[in-house]
Number of protein chains: 2
Amino acid sequence: MKRVINFNAGPAAIPMEVLQRAQEEMLDWNGTGMSVMEVSHRSKEYEAMHNEAQDLFRTLAGMGPEWKILFLTGGASSQFFMIPMNYLFGERKATYLVTGHWSKAAIKEAKRFGPLDVITTENPDGTFTRIPKQGEIKIDPASTYVHITSNNTIFGSQWHYWPDVGKVPLVCDMSSDIFSRPFPADKFSFIYAGAQKNLGPSGVTVVAIREDFYNLAQEQAKLSTMLSYRTYAENNSLYNTPPCFSIYILNLTLKWLLNTIGGLDNMVKINSEKARILYSAIDASDGFYRGPVEKDSRSQMNVVFRLKTPEMEETFVKEAKAAGIVGVKGHRSTGGIRFSIYNANLVESAKTAAGFMEEFSRKYR
Amino acid sequence: MKRVINFNAGPAAIPMEVLQRAQEEMLDWNGTGMSVMEVSHRSKEYEAMHNEAQDLFRTLAGMGPEWKILFLTGGASSQFFMIPMNYLFGERKATYLVTGHWSKAAIKEAKRFGPLDVITTENPDGTFTRIPKQGEIKIDPASTYVHITSNNTIFGSQWHYWPDVGKVPLVCDMSSDIFSRPFPADKFSFIYAGAQKNLGPSGVTVVAIREDFYNLAQEQAKLSTMLSYRTYAENNSLYNTPPCFSIYILNLTLKWLLNTIGGLDNMVKINSEKARILYSAIDASDGFYRGPVEKDSRSQMNVVFRLKTPEMEETFVKEAKAAGIVGVKGHRSTGGIRFSIYNANLVESAKTAAGFMEEFSRKYR
């Protein structure tokens, strides 16, 4: 068995310990004589694991019991419409801060439901290379919520401060950097994340809603049952069969983060070190590698850079793969190179990758 | 490692060979050096597996290229609203044949979208004990579709003929008996199934739409992107990240069904034999066990029966568990006992269970 250095943008690397545990328990989970995939979602064994995953999430996020932790499906892409469907009705309006591809996608869905104020850092050529400064952010206090995307997977930028939005509830798509660093839960009213970057595999989306904001959601009777947050909250995300195996891997991943890594304070140190190593390799390359993102907006999760030509980038991807480093091709919409260094990636892998970059630049300079 | 006889109603038993294969490949799938959970859904390796699962589905169902095979999330419960959202608009109406709990749930969602004709076999006490006869089924030819539930998991009944609905497209929820027996695909226009009974684990729902009916679906622009069947069909169910691991287990389960079992003609023989063994145990018990469903409507997937008292049923569940037979408690809404004997259950398990029933009845008669 060989394992590679996995820089995929999502689905992405999962901690080795988590995979090994899943492997061991595949035929007999928790003494049940069944795989976790074969157990009833109404059994006490399943429900204990399901609830534990919620508790682990609350603990890591520093969230109290006033936060509802829900397990949904359909990816963050489904939250793009579910949030406005549940919150943007009647005379309400919302504000969207647009910093990349996914926040634009969120707007496309939201504008079907109500009026939006939009603050964007989009460049004239359609790219995004920075996060807005606080001074650029004027929020209408009449907004029902402000939506931001904490990390921009495709363009490789990330919020390094949390914007002051006054008393307006802050809704955050944290899909690609959740639990990569500590964050002040009380700044937010609603946080969501597709699991397939830092939380586990695809197939489950975690939605955390603070009680005061939950109370503003649309009545259940006005929506299709499966599209109302109230259905999930009132039934502990067990109204119908949840994606049990994805939640199980989520549970194991959160345990790894809490117990093996030691929580978010340790995680951010590891992540900063990986990012430092790779951005240093870019900055020390004397222009051979170019990072398009402004330095104070650089993502610690997705290190994005360009080479001189698309052909050279293609060679880079090929030789990286031969060196056991995979998933480095930039998003099809932007081209370039992207190293996604989510939580499960090791500092050692960043060092190996930086070594590869140096060698490659010597060879092709 | 002990394995139990798993009669759970869903999530349910998965073939041993499938679990063993998933276990072997957990750290290195298909020579990628990654788990299938860690691989990009845009990689050629993932896409080949994803497409193969669609092809296997088509082959088993006897469906040609005129059928679109889609992978969705949110369970069959989400199809309850997606079908009318995509098909019931303007002046359209639909017909629902109601034979149990889940077809009632489907109606609850559908009636938000348009007028329905309803044909039901509900008893005055709210139970269901039979499938309607052809003579009871009058379909308005102006209906856009007719919806049926092929097998009723909770009440333990099943369609043993396919109703003649004239030229009206037939939509079928096959969640709990898909691929348990051959069926004439050309009778149907739309088939859907949550995977967690006969197809694999929870987390993925397969939707098969025949082209002529697909063409009647609502325009994509009129719906939220993730709620339009067109989004899935036009992007090969890869518009956003699909539930990769669930699709992988689905793929392995379909391969097992085709290659190890030898297809649906063999599968139905095995399933009929299991059902025969268990219903014989009921009928031979001289009233100790009572099956509420009319004999010609009995399900070959969910064998439902009652004992004299709820206390006796509780003892039955307890002693069955001690004998290594789990998941036999009836649905919370009905009580009683239910043996769910989906495809992955062996004839041997049915024999063991029948032996247990006989012994139990001797002990407590």
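Criteria and thresholds
- Residues numbered from 1 in each chain as written.
- Chains lettered and ligands numbered in written order.
- Predicted model: local features only at pLDDT ≥ 70, side-chain atom pairs only at ≥ 80, totals over all residues.
- Heavy atoms only, no water.
- Helix = DSSP H or I, 4+ residues; strand = E, 2+ residues; numbered from the N terminus.
- Rg over C-alpha atoms; globule rule 2.2 N^0.38 Å.
- Buried < 20%, exposed > 50% of the residue type's maximum accessible area, 1.4 Å probe, protein only.
- Contact = heavy atoms within 4.5 Å.
- Areas by Shrake-Rupley, 256 points an atom, 1.4 Å probe, with all protein chains shown as cover.
- Lys, Arg positive; Asp, Glu negative; His and termini not counted.
- Charge placed at Lys NZ, Arg CZ, Asp CG, Glu CD.
- Expected span 1.5 Å × (residues − 1).
- Pairing = 2+ DSSP bridges.
- Axes fitted to C-alpha atoms, helices over the stretch in contact; angles between N-to-C directions.
- pLDDT = per-residue confidence, 0-100.
- Domains from an automatic or database assignment.
- Buried area = accessible area lost by both parts, 1.4 Å probe.
- Salt bridge = Lys/Arg side-chain N within 4 Å of Asp/Glu carboxyl O.
- Phe/Tyr/Trp six-rings, centres within 6.5 Å; stacked < 30°, edge-to-face > 60°.
- Least-squares fit on C-alpha atoms with pLDDT ≥ 70 in both.

For the rest of this paragraph, the subject is the overall build of chain A. Helix and strand counts for chain A come out as ten helices and 13 strands. Compactness check: chain A gives a C-alpha radius of gyration of 21 Å against a globular reference of 21 Å for 365 residues, within 12% of the reference. Principal-axis analysis of the C-alpha atoms places the extent of chain A at approximately 65 × 55 × 30 Å. The proportion of buried residues among the 365 residues of chain A is 64%. Taking the contacts inside chain A whose residues are at least 6 apart along the sequence as the reference set, 66% of them involve residues at least 24 apart. When the accessible surface of chain A is split by element, carbon and sulfur atoms take 51% of a total near 13,400 Å². Of note, chain A has its 41 positive side-chain charges centred 4 Å away from the centre of its 38 negative side-chain charges.

Residue and element names in this part refer to chain B. Its 18 residues place the ends of helix α7 (residues 244-261) 25 Å apart at the C-alpha level, agreeing with the 26 Å of an ideal helix rising 1.5 Å per residue. The buried fraction of α7 is high, at 14 of 18 residues. Note on α7: the residue one or two positions beyond its end, glycine 262, has a positive phi of about 100°.

Right, let's talk about unusual backbone geometry for a bit. Following glycine 10 of chain A, the chain continues into proline 11 of chain A via a peptide bond in cis, with omega recorded as -5°. Of note, proline 11 of chain A is situated in the loop between β1 (5-6) and α1 (16-24). The residue aspartate 286 of chain A is not glycine, and still its phi comes out positive at about 60°. Structurally, the position occupied by aspartate 286 of chain A is in the loop between α8 (264-283) and β11 (302-305). Despite not being glycine, asparagine 30 of chain B shows a phi value in the positive range, around 60°. Examined against the element boundaries, asparagine 30 of chain B turns out to sit in the loop between α1 (16-24) and α2 (44-61).

Turning next to the sheet that holds strand β8 (residues 170-173) of chain A. Residue and element names in this part refer to chain A. Read from one edge of the open sheet, seven strands run β2-β10-β9-β8-β5-β3-β4, paired in mixed fashion. Of all strands in the sheet, those with a lone pairing partner are β2 (67-72) and β4 (116-120), marking the two edges. If you compare each strand with its neighbour and ignore which way they point, the axes differ by 15° on average. Two strands pair when backbone bridges link them, and strand β3 (residues 93-98) and β4 are joined in this way by five bridges, in the parallel orientation. Along β4, the bridge assignment pairs valine 98 with threonine 120. Sheet strands in contact with helix α2 (residues 44-61) are β2 and β10 (205-210), and its direction is about 125° off that of β2.

The predicted model of chain A has a mean per-residue pLDDT of 97, with 100% of residues at 70 or higher. In the model output, the complex is listed with pTM 0.98 alongside ipTM 0.98.

Once that is clear, we can look at the domain arrangement of chain A. Residues and elements named next belong to chain A. By domain assignment, chain A separates into domain 1 (16-261) and domain 2 (264-364). With centres defined by C-alpha atoms, the gap from domain 1 to domain 2 works out at 27 Å. Each side of the interface is counted separately: domain 1 has 26 residues, and domain 2 has 26 residues. Carbon and sulfur atoms make up 57% of the area that domain 1 and domain 2 hide from each other, which totals about 2,200 Å². When the buried area of domain 1 at its contact with domain 2 is split by residue, Thr129, Ile154 and Ile261 rank highest and sum to 23% of it.

Counted according to the given criterion, the structure contains 42 salt bridges over all chains. Between glutamate 319 of chain B and lysine 363 of chain B there is a salt bridge; the shortest N-O distance is 3.1 Å. Of the two residues, glutamate 319 of chain B is situated in helix α9 (residues 310-322) and lysine 363 of chain B in helix α10 (residues 347-364); the sequence distance between them amounts to 44 residues. Bridged by salt links that share partners, the residues Lys93, Asp117 and Asp140 of chain A form one connected network.

Two strands in a sheet stick together by hydrogen bonds in their backbones, pointing the same way (parallel) or opposite ways (antiparallel). Residue and element names in this part refer to chain B. Reading across from one edge, β2-β10-β9-β8-β5-β3-β4 is the order of the seven strands in this open sheet, with mixed pairing throughout. Sheet topology places β2 (67-72) and β4 (116-120) at the edges, where each strand pairs with a single neighbour. Sheet twist, expressed as the mean angle between neighbouring strand axes with direction ignored, is 15°.

Residues and elements named next belong to chain A. With the rule as written, the count across this model stands at 57 aromatic pairs over all chains. Geometrically, the ring pair formed by tryptophan 29 and tyrosine 248 is edge-to-face, given 6.4 Å between the ring centres and 85° between the ring planes. In this pair, tryptophan 29 sits in the loop between α1 and α2 while tyrosine 248 sits in helix α7 (residues 244-261), placing the two residues 219 residues apart along the sequence. The burial state of tryptophan 29 is the same as that of tyrosine 248; both residues are buried. Ring centres of phenylalanine 190 and phenylalanine 213 lie 6.3 Å apart, and the angle between their planes is 85°; on these two criteria the pair is classed as edge-to-face. Of this pair, phenylalanine 190 sits in strand β9 (residues 190-194) while phenylalanine 213 sits in helix α5 (residues 211-214); the two residues are 23 residues apart in sequence, bridging distant segments of the chain. Overall, phenylalanine 190 belongs to the buried group, its relative accessible area being 0%.

Moving on: the relation of the copies chain B and chain A. Here chain B sits on chain A after a turn of 180° about the axis and a move of 0.0 Å along it, with an RMSD of 0.0 Å. Such values leave the two copies arranged in the relation of a two-fold axis. Using C-alpha coordinates, one finds that chain B approaches the rotation axis most closely at glutamine 23 of chain B, a distance of 2.5 Å. Of all interface residues in chain B, 100% are interface residues in chain A too; the two copies therefore contact each other through one and the same surface.

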